[in-house]
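# Report on the structure
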Amino acid sequence: MIHFYYHPTPNPAKVALFLEETGLPYQLVPLDTGKGEQHTAQFRAINPNGKVPAIVDSEGPGGREARVFDSTAILLYLGEKTGQLMGAPTDKPELLSWLMFIATGIGPFSGQAVHFQYAAPESIPYAINRYRREAERHYQVLDEHLAGRDYIVGDSYTLADISAWGWIDRASRVLKGESDPLAAYPNIQRWFQAIDARPAAARAREVGKDHAFKKDLDEQMRRALFPSNYPA
């Protein structure tokens, strides 16, 4: 059984989509990062970095319990465990490259763009411009790559598509103020609509909906999400 530590944000959404695509049995463990539950000693024993997603697989390698954290690591672990959504063997170099592009580019720059546009206690034009423009640049790289392609890697749906879906789903927040945020990226728009139309994507969107996660960005949430801003 896989215990899946989840909060409704882009990186956990990727893992939810993989699990729903493959039908792997799992038990959802809601973790309310807005309340600081990621900082408990119990969860830090699973992910010392105090972030979601994380999984604990009771049937890991050699029958031993395995903990895995970071969404890209989890996708690769589960892909190798099941042999699913890994593409053709010859696709692996490309798969790894695009997974890292998402993990080190689209993800963090999108996240920082959202932070400085919505959550920062003061408006910092340089930071807003820096992260927003870099997010847009990464979108452009992916859009050009997807020209004439149905999938990011090879000829089949893979972990790369799942990983990108989690962040492109938040384009309206990343590209704040755009009424149609993907209009400038028609290849991404076409690709995203195809991935989002998959039945598993609809199921992934329902994951955790029965849990009342904290939503108000108040002082408690700020301290929980940005603890480094509050020295002890």
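Residues numbered from 1 in each chain as written. Predicted model: local features only at pLDDT ≥ 70, side-chain atom pairs only at ≥ 80, totals over all residues. Heavy atoms only, no water.

### Brief notes about the pairing of strand β4 (residues 66-69)
Taken residue by residue, a regular strand's side chains alternate between the two faces of the sheet. The alternating pattern of β4 places Ala 66 and Val 68 on a buried face, while none of Arg 67 and Phe 69, on the opposite face, is buried. Where strand β3 (residues 54-57) lies against β4, four bridges are found, and the strand directions are antiparallel. Looking across to β4, one finds that Ala 54 is bridged to Phe 69. (Buried < 20%, exposed > 50% of the residue type's maximum accessible area, 1.4 Å probe, protein only. Helix = DSSP H or I, 4+ residues; strand = E, 2+ residues; numbered from the N terminus. Pairing = 2+ DSSP bridges.)

### Details of the sheet that holds β4
Taken in spatial order, the four strands line up as β2-β1-β3-β4 in an open sheet, and their pairing is mixed. The open sheet has two edge strands with one neighbour each: β2 (26-30) and β4. Here the strands of the sheet are splayed against their neighbours by 20 degrees on average, with no regard to which way each runs. When strand β1 (residues 2-6) meets β3, the two strands line up antiparallel, connected through four bridges. Looking at β3, one finds that Ile 2 is bridged to Asp 57. Sitting on the sheet, helix α1 (residues 10-22) is in contact with β1 and β2, with an inclination near 145 degrees to β1. Helix-sheet contacts for helix α3 (residues 71-82) involve β1, β3 and β4, and the interaxial angle to β4 is about 135 degrees. (Axes fitted to C-alpha atoms, helices over the stretch in contact; angles between N-to-C directions. Contact = heavy atoms within 4.5 Å.)

Interpretation note: all reported values are geometric properties and have no functional meaning in isolation.
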